[in-house]
Amino acid sequence: MPTTEDRIADLEALLKSTIPNKHTMKSILTLRANIAKLRRELVKEISSRGGGGTGFSVKKSGDAQVGFIGFPSTGKSTLLNRLTGGHTDSKVAAYDFTTVDCVPGMMNYEKMRIQLLDLPGIILGASRGKGRGREILAVLRSVDGIMMIIDFDFEGRLTLDRLTIIKQELYNIGVRLNRKPPNIGIKYTHKGGIGMSTGVKLTHLTPDYVRTILSEYNITNAQLTFYEDSTPDDLIDSILGNCQYVPAFLIVNKIDIARPDEVAKLPELLKGEDWIPVSGVTGYNIDALREKLIKKLDLIRIFLKPRDKEPDMNKPLILKSGATIHDACNKIHKDFARNFRFAKVWGKSAKHPGQVVHLTHQLCDGDVLTIFMRA
Ligand SMILES: Nc1nc2c(ncn2[C@@H]2O[C@H](COP(=O)(O)OP(=O)(O)OP(=O)(O)O)[C@@H](O)[C@H]2O)c(=O)[nH]1
Ligand SMILES: [Mg+2]
């Protein structure tokens, strides 16, 4: 039986060979919708199989998890060693596929503990099941941040073809970088066909295209509201809802061996990317890399204050930006939310020191918090 990958390849070939004109428009739309649908089936397969059952078993720890993704020998393990101050067992060597497992390390930064996951170098076609590719990529569906890494070659040059592949592989497994979930409202109805309302001009979708995509998912009655200029992929992401939205940035490693004229070209070459040049070997920009990572994760520190006592300023609770008292309670212990009465908060999120707040109150970095529970 053909695999999902084979079916995608067949349809892509068919799409390529179809000359667009007004007679073929309908079949082109159907083909595109079919391909997109199969791609998402692949995502489901990957996330449920975790790459074939022998997935990496790394216990999550720390306040957040961040994964490295890059081709072999780009310097992932070297950087992991640098960032963790050597608190990891990841081996470094001058040959490809030195790392064959998911190796964790802990980076400590201003009372935050970030678990970094070193991964084997990916190869082209990882998401289509080559090597341990799927397992590697499956790990990246569950992290709080992703560091993509590319490097200068022996001649001191940098090309972006590998970055394109990395991004495509992540896309294929349903990982969306640096973006919010699509803002499309879908209300399923029992009758009335497909209704569409738009607050903005749609430049990537026509009503016909929307209907074709929906019919691929057997949706014949629904009311759609587009709040932004969405793409066909956005629509499918919304229907399926199985994508991960992860903050990410690009590390340009081995800057120590870069040709000066190549370095000068970097701002132009990497326009639109969130990137940082570093050297794992000389340590150049490693502190800046730590800072960048922390900023990207957008974490906040909450200091817990026991009733009538001073707050513990040494061990903050680390939460994601935008977190509420409810999130704080859940992080401490599930009983905290269940038996919650009210809380008092001091700091940026409080209207006045010691403001009484409830579960939906949003916290800010540096807040001090006392939780009162039912006896
Ligand atoms: N010149 C230079 N060499 C580096 C740098 N970082 C790593 N290397 C070298 O690149 C080679 C590969 O480094 P690793 O850290 O093992 O690379 P990796 O990405 O973990 O490789 P795999 O585990 O095989 O995927 C080693 O010989 C490192 O010494 C750097 O910043 N500059
Ligand atoms: Mg390695």
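Residues numbered from 1 in each chain as written. Chains lettered and ligands numbered in written order. Predicted model: local features only at pLDDT ≥ 70, side-chain atom pairs only at ≥ 80, totals over all residues. Heavy atoms only, no water.

## Considering the overall build of the protein chain
Here is step 1 of the chain: Across its full length, the protein chain carries eleven helices and 16 strands.
Here is step 2 of the chain: If you line up the protein chain on its principal axes, its C-alpha atoms span 75 × 60 × 40 Å.
Here is step 3 of the chain: When burial is assessed residue by residue, the protein chain has 46% of its 375 residues classed as buried.
Here is step 4 of the chain: For the protein chain, contacts bridging at least 24 residues in sequence account for 68% of all contacts bridging at least 6.
Here is step 5 of the chain: Surface summary for the protein chain: the accessible area is close to 19,400 Å², and the carbon and sulfur share equals 53%.
Here is step 6 of the chain: Of the side chains in the protein chain, 54 bear a positive and 42 a negative charge, and the two mean positions are spaced by 6 Å. (Helix = DSSP H or I, 4+ residues; strand = E, 2+ residues; numbered from the N terminus. Buried < 20%, exposed > 50% of the residue type's maximum accessible area, 1.4 Å probe, protein only. Contact = heavy atoms within 4.5 Å. Areas by Shrake-Rupley, 256 points an atom, 1.4 Å probe, with all protein chains shown as cover. Lys, Arg positive; Asp, Glu negative; His and termini not counted. Charge placed at Lys NZ, Arg CZ, Asp CG, Glu CD.)

## Looking at the sheet that holds strand 12 (residues 299-304)
Here is step 1 of the chain: With respect to topology, five strands assemble into an open sheet ordered 13-12-16-14-15, the strand pairing being mixed. Two strands close off the open sheet at either side, each with one partner strand: strand 13 (317-320) and strand 15 (355-357). On average, each strand axis in the sheet is inclined to that of its neighbour by 35°, with strand direction left out of account.
Here is step 2 of the chain: Direction of pairing for strand 12 relative to strand 16 (residues 368-373): parallel, over a ladder of two bridges. Bridge pairing in strand 16 links Leu304 to Leu369.
Here is step 3 of the chain: Helix-sheet contacts for helix 10 (residues 325-332) involve strand 12, strand 13, strand 14 (340-346), strand 15 and strand 16, and the interaxial angle to strand 13 is about 130°. (Pairing = 2+ DSSP bridges. Axes fitted to C-alpha atoms, helices over the stretch in contact; angles between N-to-C directions.)

## Some thoughts on the state of the cysteines
Here is step 1 of the chain: Across all of its chains, the model carries zero disulfides by this definition.
Here is step 2 of the chain: There is no disulfide at Cys329, and the cysteine sulfur nearest it, in Cys364, is 17 Å away.
Here is step 3 of the chain: Using a relative accessible area of 0% as the deciding quantity, one classes Cys329 as buried. (Disulfide = S-S within 2.5 Å.)

## Considering the sheet that holds strand 3 (residues 112-118)
Here is step 1 of the chain: The mixed open sheet is built from six strands, whose spatial order is 2-3-1-4-10-11. Either end of the sheet is taken by a strand with one partner, and the two such strands are strand 2 (103-109) and strand 11 (275-277). Geometrically, the sheet is characterised by an average inter-axis angle of 25° between neighbouring strands, direction not taken into account.
Here is step 2 of the chain: Packing against the sheet, helix 5 (residues 161-172) makes contact with strand 1 (64-70), strand 4 (145-151) and strand 10 (248-253), and its axis sits at approximately 155° to strand 4.

## Quick look at the pairing of strand 1
If a strand is regular, its side chains alternate between the two faces of the sheet.
Here is step 1 of the chain: Across the seven residues of strand 1, seven count as buried, placing the element largely inside the fold.
Here is step 2 of the chain: Alternating residues of strand 1 divide into Ala64, Val66, Phe68 and Gly70 and Gln65, Gly67 and Ile69, and every residue in both groups is buried.
Here is step 3 of the chain: With four bridges joining them, strand 1 and strand 3 adopt parallel strand pairing. When the sheet's bridge partners are listed, Ala64 is paired in strand 3 with Ile114.
Here is step 4 of the chain: The pairing of strand 1 with strand 4 spans five bridges and is classified as parallel. Bridge pairing in strand 4 links Gly67 to Ile146.

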